[in-house]
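# Coordinate analysis (summary)
Now for the letters of each chain:
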Amino acid sequence: MSEVHAEVDRLGSSKESHAEPFDRPMGWRKYYYHPVTQVSMLGFVCFMGPGIFVALTGLGGGGQVNSRVQSHASAILYAILAFFGLISSSINNVLGPRRTLILGSSGYALYIASFLVINIHPDADAFVIAAGAILGICGALLWTAQGSLMMAYPTEAQKGTFISIFWTIFNLGGVIGSAAAFGTNFKSTTNNVSNGTYVGFLILSIIGVFLPLSMANPDKVIRTDGTRVNRALHTSWKTELFRLYMALKTDPWIILLFPMFFASNYCYAWEYNNYNGAIFTIRARGLNSLLSYTSQIFGAVFLGYFILDQNRVRRRVRAFYGWILVFLVAFAAHTWAYFYQRTYTRADATKNAYKIDIMDETYAAHVWVMIIHGSLDSMMQTYAYWLIGAMSNDPAKLAVFTGFCAY
């Protein structure tokens, strides 16, 4: 970790802020309050919650044979998340980011527990759907708090690097969770996830609920250029609603990013349920998810560190390079997916008992759809966060912007 601290300090040495620098703490506090340490801890919070959630989702249908219940839960989840994404910044700024992270993480533990319940009691559809609704609220809270902290900790020259650090740790949850699901279900013939897999996921997600307690208050974190992160004031609801209005009034350009926010999330249902969950065996689904989340790590690091944070090039040019790369990967991913989707319908996948396995000759070609979609997901999210981070360094204002991103 010390090598990472040194590299980030080097990137942040070109001070772009004119604020008066603060003296950095000494001893163990020097490392604990370092922005890299705090964004890494934030990554582990999301590793335990959303990271395990995406591992479960990546198996298709939440690891179930029939994806109907999970599809209904996801529809309600994202509908509620879209609404609460508009007001979650106000909740975050009133409660503070650490409490918001705890509330947000608890929804992921409940949602994962619901799939253990339905695996034991197949008629517990209502519980899964209710858990999805609650997660819609909790997810909006968690991602709003996460985004505001992740983009407030770095200097202007480090935005892409910090996003890629977070995205790497967060996606390790998907990688490890998918690897565990692949290993424990390698010899399974039931085509659904075992109870032991769900129990393991649940334990990790419960740990994630308590991890924010170990994080430092944001106002105690000093950036690598010596400036302190703005203090997040716990204001009134009236003030926060006014802040929401002022954010749109002073930065109306954020509205132009709404289509990108939508495009970065809308393909999940097809990718996980109607592709991975529809035409692959359970162990192939586990391996597909493992490769997909691994590719997300490489995509985030490549775009965030090697393109968006290259200070030898003007920021406007870096933004254009990033846009071109995201566009090309998106075009390739959806074109590739289109040609495979033409070979079957949802009804065909339901009726056809044959599923593609890792030993089949056609598997290698089909898994690349998951790999390129994983790269696209991380690149689009990294690019969107980088653009938002270029608008402000104030955690309260960034909470508003990331709430719109969740929306």
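Please refer to the structure higher up on the page.
First, a word on what this report is: a plain description of the structure on this page. Because the structure is predicted, anything quoted here is derived from the model rather than measured.

Criteria and thresholds
- Residues numbered from 1 in each chain as written.
- Predicted model: local features only at pLDDT ≥ 70, side-chain atom pairs only at ≥ 80, totals over all residues.
- Heavy atoms only, no water.
- Phe/Tyr/Trp six-rings, centres within 6.5 Å; stacked < 30°, edge-to-face > 60°.
- Helix = DSSP H or I, 4+ residues; strand = E, 2+ residues; numbered from the N terminus.
- Buried < 20%, exposed > 50% of the residue type's maximum accessible area, 1.4 Å probe, protein only.
- Axes fitted to C-alpha atoms, helices over the stretch in contact; angles between N-to-C directions.
- Parallel < 35°, antiparallel > 145°, perpendicular 65-115°, else oblique.
- Left-handed = near helix turned anticlockwise from the far one by under 90°.
- Contact = heavy atoms within 4.5 Å.
- Nonpolar A, V, L, I, M, F, W, Y, C, P; charged D, E, K, R; others polar.
- Core = buried A, V, L, I, M, F, W, Y, C linked by side-chain atoms within 4.5 Å.

Moving on, we get to the packing of aromatic side chains. One pass over the structure, following the stated rule, counts 29 aromatic pairs. With a centroid separation of 6.1 Å and 90° between ring planes, the pair formed by Phe280 and Tyr363 is classed as edge-to-face. With Phe280 in the loop between α13 (268-279) and α14 (282-306) and Tyr363 in helix α17 (residues 363-389), the pair connects residues that are 83 residues apart, well separated along the chain. One exposure class covers both Phe280 and Tyr363, and it is buried. What links up through ring pairs into an aromatic cluster is the set Phe53, Tyr108, Tyr111, Phe115 and Tyr198.

Two numbers describe how helix α4 (residues 50-58) lies on helix α9 (residues 159-184): the axes approach to 7 Å, and their chain directions differ by 45°. On the basis of their axis angle, the class for α4 and α9 is oblique. α9 is crossed by α4, and the crossing has right-handed handedness. Taking contact as the criterion, the partners of Pro50, Gly51, Ile52, Val54 and Ala55 in α4 are, on α9, Phe170, Gly173, Gly174, Gly177 and Ser178. Looking at the contact of α4 with α9 residue by residue, the class counts come to five nonpolar, five polar and no charged.

This part covers the packing of α9 against α14. Relative orientation of the contacting elements α9 and α14 amounts to 170°, with a least axis distance of 8 Å. It follows that α9 is roughly antiparallel to α14 by the angle criterion. Its residues assigned to classes, the contact of α9 with α14 shows 12 nonpolar, 12 polar and one charged.

Turning our eyes to something else, we now look at the nonpolar core. Counting residues in hydrophobic clusters, the biggest one holds 111 residues, and the most contacted among them are Phe166, Tyr275, Tyr383 and Ile388. Here this core gets 15 residues from one element, more than from any other, and that element is α17. Apart from residues lying up to four places away in sequence, Tyr383 is in contact with Met260, Leu303, Leu308, Ala319, Gly322, Trp323 and Val326.

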